[in-house]
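Close look at the chain arrangement
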Amino acid sequence: TAMLNVKPGQRFTLPDWHTNSHLTSANAERQRSASHRVRQEARALRNETNNQTKWDEHDNQTRLAERISSVNRWKETLDKCLADIDEEIDALAKVKEAAERALQAKNLPLDVSIECLTLRESRRAIDVVRDLVEEELHKEVKVIDKAKRELQQRAKEAFEQLCLLQEARQQLSCDQRCKAEALEIDRLCLSLSVNSPNISFKVNPTRVPDGSTALDEWEQNSQSNKERAEAEIKASAELRQATMLAIAQTNNELEAQRVATEFALRKRIRDLERAYDELKWQEQNTLEEIAEMEEDIRRLEEDLRRKTQDLKVAHTRLETRTCRPNLELCRDQVQYGLTAEVHQLEAAIGALSRKLAESRDALDALYRQLHRIQTDIGYKANSLVLDNKCMESRRKLLVLAEKFVPEIDTFNRTTNRALSPLKNGQLASP
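Residues numbered from 1 in each chain as written. Predicted model: local features only at pLDDT ≥ 70, side-chain atom pairs only at ≥ 80, totals over all residues. Heavy atoms only, no water.

Turning our eyes to something else, we now look at the overall build of the protein. The helix and strand inventory of the protein stands at 6 helices and 0 strands. Overall, the protein shows an N-to-C arrangement of helices and strands of α-α-α-α-α-α. For 430 residues, the compact-globule estimate of 2.2 N^0.38 gives 22 Å, and the protein exceeds it by more than 25% at 61 Å. Considered along the principal axes of its C-alpha atoms, the protein spans approximately 255 × 40 × 35 Å. Taking all 430 residues of the protein together, 31% fall into the buried category. Of all intrachain contacts in the protein linking residues separated by at least 6 positions in sequence, the fraction that spans at least 24 positions is 92%. (Helix = DSSP H or I, 4+ residues; strand = E, 2+ residues; numbered from the N terminus. Rg over C-alpha atoms; globule rule 2.2 N^0.38 Å. Buried < 20%, exposed > 50% of the residue type's maximum accessible area, 1.4 Å probe, protein only. Contact = heavy atoms within 4.5 Å.)

On the surface, Leu-188, Leu-192 and Ile-199 cluster together to form a nonpolar patch covering roughly 250 Å² of accessible area. On the basis of relative accessibility, which here comes to 48%, the residue Leu-188 falls in the partly exposed class. (Patch = residues over 30% accessible without salt bridge, like charges linked within 9 Å, V, L, I, M, F, W, Y side chains within 5 Å. Areas by Shrake-Rupley, 256 points an atom, 1.4 Å probe, with all protein chains shown as cover. Salt bridge = Lys/Arg side-chain N within 4 Å of Asp/Glu carboxyl O.)

The UniProt record marks residues 130-161 and 269-317 with the feature "coiled-coil region" (unreviewed entry), using the residue numbering of this structure. Helix makes up 94% of residues 130-161 and strand 0%, whereas the separation of the span's terminal C-alpha atoms amounts to 45 Å. The span residues 269-317 shows a helical share of 100% and a strand share of 0%, and its end C-alpha atoms are spaced 70 Å apart. (UniProt positions renumbered as here; feature names shortened; annotations may be inferred.)

This part takes up the layout of surface pockets. Taking a probe equal in size to a water molecule and rolling it over the atoms shows the remaining empty space. Reported here for the largest pocket is a volume of approximately 650 Å³. Counting residues per element, the ones that place at least two in the lining of the largest pocket are helix H1 (14-105) and helix H3 (132-191). No other element matches H1, which puts 8 residues into the lining of the largest pocket. Of the residues assigned to the lining of the largest pocket, the class counts are 6 nonpolar, 6 polar and 6 charged. Within this model, the second largest pocket holds a volume of roughly 480 Å³. At the level of secondary structure, the elements contributing two or more residues to the lining of the second largest pocket comprise H1, H3 and helix H4 (215-321). (1 Å grid on protein atoms, 1.4 Å probe; cavity = no way out; pocket = protein on both sides within 12 Å on 5 of 7 lines; lining within 4 Å. Points joined across faces, edges and corners; volume = space filled by probe spheres on them. Nonpolar A, V, L, I, M, F, W, Y, C, P; charged D, E, K, R; others polar.)

This part is about the pattern of salt bridges. Inspection of the entire model under this criterion finds 39 salt bridges. Ionic pairing is found between Arg-120 and Asp-131, a salt bridge with its closest N-O pair at 2.7 Å. A residue pair is termed long-range when its members are at least 10 positions apart, and Arg-120 in helix H2 (residues 107-120) and Asp-131 in the loop between H2 and H3 qualify at 11 residues. The burial state of Arg-120 is the same as that of Asp-131; both residues are buried. Across the pair Asp-271 and Lys-267 runs a salt bridge whose closest N-O atoms are separated by 3.4 Å. Placement of the pair is Asp-271 and Lys-267 together in helix H4, with a separation of 4 residues, close to one helical turn. Note on Asp-271: relative accessible area 23%, which makes it partly exposed. We classify Lys-267 as partly exposed; its relative accessible area is 38%.

Counted under the stated rule, the structure contains 0 aromatic pairs. Seen from the ring of Trp-218, Arg-67 lies directly overhead, with NZ or CZ sitting 3.9 Å from the centre. (Phe/Tyr/Trp six-rings, centres within 6.5 Å; stacked < 30°, edge-to-face > 60°. Lys NZ or Arg CZ within 6 Å of the ring centre and 35° of its normal.)

Our next topic: the environment of Glu-181. For Glu-181, the location among the structural elements is in helix H3. For Glu-181 and Gln-344, which are 163 residues apart along the polypeptide, the C-alpha to C-alpha distance reads 134 Å.

With that settled, the discussion passes to the confidence of the model for the protein. When pLDDT is averaged across the protein, the result is 85; 90% of the residues are at 70 or more. H3 holds the highest mean pLDDT among the elements of the protein, 92, whereas helix H6 (residues 398-404) holds the lowest, 55. Below pLDDT 50 for its whole length, residues 404-430 participates in 38 contacts with residues either more than four positions away or in separate chains. (pLDDT = per-residue confidence, 0-100.)

What follows covers the packing of H2 against H3. Where H2 meets H3, the axes come as close as 10 Å, and the angle between the chain directions of the two elements is 155°. In terms of their interaxial angle, H2 and H3 are classed as roughly antiparallel. Crossing handedness for the pair H2 and H3: left-handed. The segment H2 lies against H3, with Asn-107, Pro-109, Leu-110, Ser-113, Cys-116, Leu-117 and Arg-120 engaging Val-133, Glu-134, Leu-137, His-138, Glu-140, Val-141, Ile-144, Asp-145 and Lys-148. (Axes fitted to C-alpha atoms, helices over the stretch in contact; angles between N-to-C directions. Parallel < 35°, antiparallel > 145°, perpendicular 65-115°, else oblique. Left-handed = near helix turned anticlockwise from the far one by under 90°.)

Unlike most non-glycine residues, Ala-125 shows phi in positive territory, near 55°. Structurally, Ala-125 can be placed in the loop between H2 and H3. Even without being glycine, Asn-204 reaches a positive phi, approximately 50°. Topologically, Asn-204 is positioned in the loop between H3 and H4.

A few words on the state of the cysteines. Inspection of the entire model under this criterion finds 0 disulfides. Considering cysteine sulfurs only, Cys-174 is the nearest to Cys-81, which forms no disulfide, with 15 Å between them. With relative accessibility at 5%, the residue Cys-81 sits in the buried group. Looking at the unpaired Cys-323, the closest cysteine sulfur is the one in Cys-330, lying at 15 Å. (Disulfide = S-S within 2.5 Å.)

The following block contains the structure:
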């Protein structure tokens, strides 16, 4: 009775119940169909995205490997260029030092040549002659000046080329370091995978970084650096050859001029020795002639005195005979004889006086000539001393000459022989 008192809920009809059942069943089938379609599409999408991802990753792995290979080839090329340019820098630096040493070595020959010219300025009088030695010494100074200018120019060019090589090396080194760093980065990227611990999302990773270059520009830059380095290496090699040729040529020219100068100097010394010997011989002969002339003058004076005494006797006799008395004062044979004797003695005395004056003039001329000879001997002795000092000074060049001239050469008989010693007293002042 109590349950009947409760108001019953809404009631559906049987058709509604059947309709609801059909709707529920239809909805279920529709949802299952939609779900199946979504599942199939999802599977297809998974397969497609997985394949695309794998191929994209594979392609980019391949691209990274190829890029690493390309950068590594350029790095190896730049490494070789760096080694070549370092070798060329060392070689050119050595050649530059050789040119500077050769330039420095020219100071001694120049000092010696100037010293010889200065020494020969002390020659006196007639010996101050512009002879072959002086001409060769002036030529030697010109050759040395020319050699110094040439070597100085070569050293300057070598320095400038070294600067260019260093600049090219700096560009190569910078490019090589950048490629080494890029290789490390790309190798790191190649090693990354989904299991790598340091992967994460980045902010705007697809942006184009500032300063990015095109691939052609990148390759052109490396090619330009390589070509410039090779061009500078080639220019440096040519400069090295030219510099070594200049060093050898200047040394040969200087050595040839040294030989010519010393040949002329030795010849001049021999000429001076011959002239000195000739003058000493002339001095000796002149002294002998003076001695004979003085003796002849003494004899002339003695004869003149005797003739004067004889004339006095004849005069006295004639004068005394004028005192004969009367007819005894006749012109007899004695008178004629004494008169003839007086005339003859007067003529003899006149001839002897003239000859005595002539002899004294000749003696004075001999003394003047002797003075000239002795003065010239002094000049020649002084010139010999100076030229021998020049030869002594030039012996300092033998060390330099041995570097470029064979020990045995065609000039040994004339240019490298020992100087002939002067005769005793040859350089003594007269």
